[in-house]
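Each chain, written out:
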Amino acid sequence: MVYLVDNISNYLIYLFIIFYGFRLSPRKNRLFLVASVLVMLFAGAYNVFFDTNSPIVYLFWSVLSISLFFDDGLGHLLALSAAIMYFTGIVDTFSVMLIQIILIGGGIDGTKIRWWMETAYLISFLVYFLVYWKLFKKNNVYLCDIKLKYKLALLIQESIFQMFYNFVFVSFDENHEMYGFDAYILFFISIVGAMYSIFLILGLAIKSILSDRQNEELKSFLYMQKQQYDYQLQQSVAVRQFKHDLVNHIGVLRELTNQKKTEEVKEYIDTIWNIQNEFDLKIHTGDTLFDVILNYYLYLAEKEKIEFAVSGKLTEKTSLKMFDITTLMGNILQNAVEAAIQTAAPKIRVELIEHKKEFFIIVSNSMAKKINTPKGFFITSKTDTVNHGFGLKNIAAIVQKYYGEYYMESVVENGETMFKISIALPREVIGKEKKR
């Protein structure tokens with residue numbers, strides 16, 4: 001019976017690591033899910049019947065059950081399940097040895113599987129849970145994000161520890177009576193070293209990912225700032241050119257007035273007035289930073305023949321930092337332009353709504369097709385998912401930084417598919433943002 005419990009314990013550990021560590025989703029087809037569970041149970045029954053824990057059977061059921069359970073590429077699942085089986089096997093070995101030392105006092109010869117092996121699996125699971133809770137969830141980084149070299153480093157280093165443990169455990173078994181407490185200290189130090197190495201490598205991998213994310217955020221911010229600067233520079237040059245020609249315009253008006261050509265004067269004044277209107281900001285929200293960004297994207301929308309509408313006002317300037325406003329609104333509107341331009345009737349709508357305790361930013365844009373998701377958060381539709389998708393993550397990060405909330409949805413309005421993002425930012429904590 002212990003073999004069956006052993007299989008179930010390992011199965012649950014595998015599902016936990018892959019679901020929470022690699023963020024893979026289970027298959028929607030229940031037949032595959034049931035088949036995955038049955039493979040694991042039949043393997044356990046086989047081990048019980050033949051009183052064995054054959055590595056071949058262990059390998060077969062582990063790889064096959066994971067491949068049936070998760071919805072991902074077969075090749076990736078095969079490699080992933082084999083690697084996880086190997087890695088968890090090593091960590092389980094550490095836990096088993098630890099329990100043996102504590103409860104049994106060592107001993108390899110004549111040692112058989114007993115109830116304490118399941119306690120060892122519980123210790124192993126606690127290690128995985130600590131890794132998830134203290135490293136992955138805390139930093140919003142997961143195993144699927146970690147570079148391949150760090151994953152290989154984990155497997156290689158644990159392989160070295162596995163070979164080292166064979167010597168340590170044999171040494172402890174043969175010498176713990178002779179050396180007494182010193183032998184226990186040696187064993188526990190080696191256990192701590194093995195576990196510390198896992199956290200150390202993962203910590204370095206996470207630092208690398210966070211650094212890359214910050215660099216991407218900075219690049220995105222600088223790019224949007226440069227685009228806005230170029231737009232303002234272009235407007236500034238046009239203003240200087242207009243001022244340079246103003247004397248000539250006045251001379252023409254004077255001559256037309258002397259000739260009493262009233263209609264020509266009115267027409268010329270209208271022409272000059274229309275030119276002057278192009279230099280003014282067309283959108284006024286009550287916050288100058290919002291004005292600059294919205295007017296820039298209005299300019300882009302007009303170039304791409306996208307209908308761009310802004311409604312609502314802010315009665316007072318927000319306390320969002322310039323970097324955060326640029327990151328938030330720049331990413332939202334950039335995504336909106338890229339999506340809208342692919343539709344037959346491109347449109348973008350921005351709504352600003354104020355309440356006493358919070359204000360809302362709602363941006364809607366036309367999109368080519370409706371997207372269904374149960375999570376309210378959309379994955380990038382671009383093929384290069386490694387270098388894209390930062391926009392959505394940056395939006396979420398800024399909203400979280402100011403203790404806000406956001407929701408994304410794909411809806412159909414008047415027969416048109418629209419993507420809508422709604423953001424609520426509380427007024428009382430603006431300026432007291434979270435430190436990331």
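Our subject is the structure that appears above.
Structural notes, computed from the coordinates. Everything numeric in this text was worked out from a predicted model, so none of it was measured. (Residues numbered from 1 in each chain as written. Predicted model: local features only at pLDDT ≥ 70, side-chain atom pairs only at ≥ 80, totals over all residues. Heavy atoms only, no water.)

**Some details on the overall build of the protein**
Now for step 1: Check the secondary structure of the protein and you find eleven helices and five strands.
Now for step 2: Taking all 436 residues of the protein together, 43% fall into the buried category.
Now for step 3: Residue pairs in contact within the protein that sit at least 24 positions apart in sequence constitute 73% of those at least 6 positions apart.
Now for step 4: When the accessible surface of the protein is summed, it comes to about 24,900 Å², and 62% of that surface belongs to carbon and sulfur atoms. (Helix = DSSP H or I, 4+ residues; strand = E, 2+ residues; numbered from the N terminus. Buried < 20%, exposed > 50% of the residue type's maximum accessible area, 1.4 Å probe, protein only. Contact = heavy atoms within 4.5 Å. Areas by Shrake-Rupley, 256 points an atom, 1.4 Å probe, with all protein chains shown as cover.)

**Quick word on the sheet that holds strand β3 (residues 358-366)**
The strands that make up a sheet are held in pairs by hydrogen bonds between backbone atoms, and each pair lies either parallel or antiparallel.
Now for step 1: An order of β1-β2-β3-β5-β4 is seen for the five strands of this open sheet, with the pairing classed as mixed. Where the open sheet ends on each side, the last strands, each with one partner, are β1 (307-311) and β4 (405-413). Put simply, the sheet's adjacent strands are angled 15 degrees from each other on average, direction ignored.
Now for step 2: Here helix α10 (residues 322-340) sits on the sheet in contact with β1, β2 (347-354), β3 and β5 (416-426), set at roughly 20 degrees to β3. (Pairing = 2+ DSSP bridges. Axes fitted to C-alpha atoms, helices over the stretch in contact; angles between N-to-C directions.)

**Observations regarding the side chain of D324**
Now for step 1: Position of D324 among the secondary structure elements: in helix α10.
Now for step 2: A polar atom in the side chain of D324 sits 3.1 Å from the side chain of K401. (Polar contact = N/O pair within 3.5 Å; in protein donor to acceptor, adjacent residues only side chain to side chain.)

**Re the environment of V265**
Now for step 1: Within the element layout of this structure, V265 appears in helix α8 (residues 262-277).
Now for step 2: With a relative accessible area of 14%, V265 lands in the buried category.
Now for step 3: Along the chain, V265 and E255 lie ten residues apart, while their C-alpha atoms are 9.4 Å from each other.

**Quick look at a nonpolar patch on the surface**
Now for step 1: On the surface, a nonpolar cluster with roughly 580 Å² of combined accessible area is contributed by I8, L12, V34, V37, L38, L41 and F42.
Now for step 2: For the nonpolar patch, the secondary structure elements donating two or more residues are α1 (2-21) and α2 (30-50).
Now for step 3: Among the elements that line the nonpolar patch, the one with the most residues is α2, at five residues.
Now for step 4: Here V37 is to be found in helix α2. (Patch = residues over 30% accessible without salt bridge, like charges linked within 9 Å, V, L, I, M, F, W, Y side chains within 5 Å. Salt bridge = Lys/Arg side-chain N within 4 Å of Asp/Glu carboxyl O.)

**Here's the deal with the pattern of salt bridges**
Now for step 1: Scanning the entire structure with this criterion turns up seven salt bridges.
Now for step 2: Between D145 and R213 there is a salt bridge, and its shortest N-O distance comes to 3.7 Å. Here R213 lies in helix α7 (residues 181-258) and D145 lies in the loop between α5 (116-139) and α6 (148-179), a separation of 68 residues in the sequence.
Now for step 3: By relative accessible area, which is 30% here, D145 ends up partly exposed.
Now for step 4: Taking relative accessible area as the criterion, R213 reaches 17% and is therefore assigned buried.
Now for step 5: The network of salt bridges with shared partners includes R349, E351, E413 and K420.

**Regarding the packing of aromatic side chains**
Now for step 1: Counted under the stated rule, the structure contains 18 aromatic pairs.
Now for step 2: Between F16 and Y132, the ring centres sit 5.9 Å apart and the planes meet at 80 degrees, which makes this aromatic pair edge-to-face. A residue pair is termed long-range when its members are at least 10 positions apart, and F16 in helix α1 and Y132 in helix α5 qualify at 116 residues.
Now for step 3: You can call Y132 buried: its relative accessible area is 10%.
Now for step 4: Among the aromatic residues, ring-to-ring pairing joins F16, F19, Y20, F125, F129, Y132 and W133 into one connected group.
Now for step 5: Taking NZ or CZ as reference, R23 lies 4.0 Å from the ring centre of Y142, over its face.
Now for step 6: The side chain of R27 reaches across the aromatic face of F32, ending 4.9 Å from its centre. (Phe/Tyr/Trp six-rings, centres within 6.5 Å; stacked < 30°, edge-to-face > 60°. Lys NZ or Arg CZ within 6 Å of the ring centre and 35° of its normal.)

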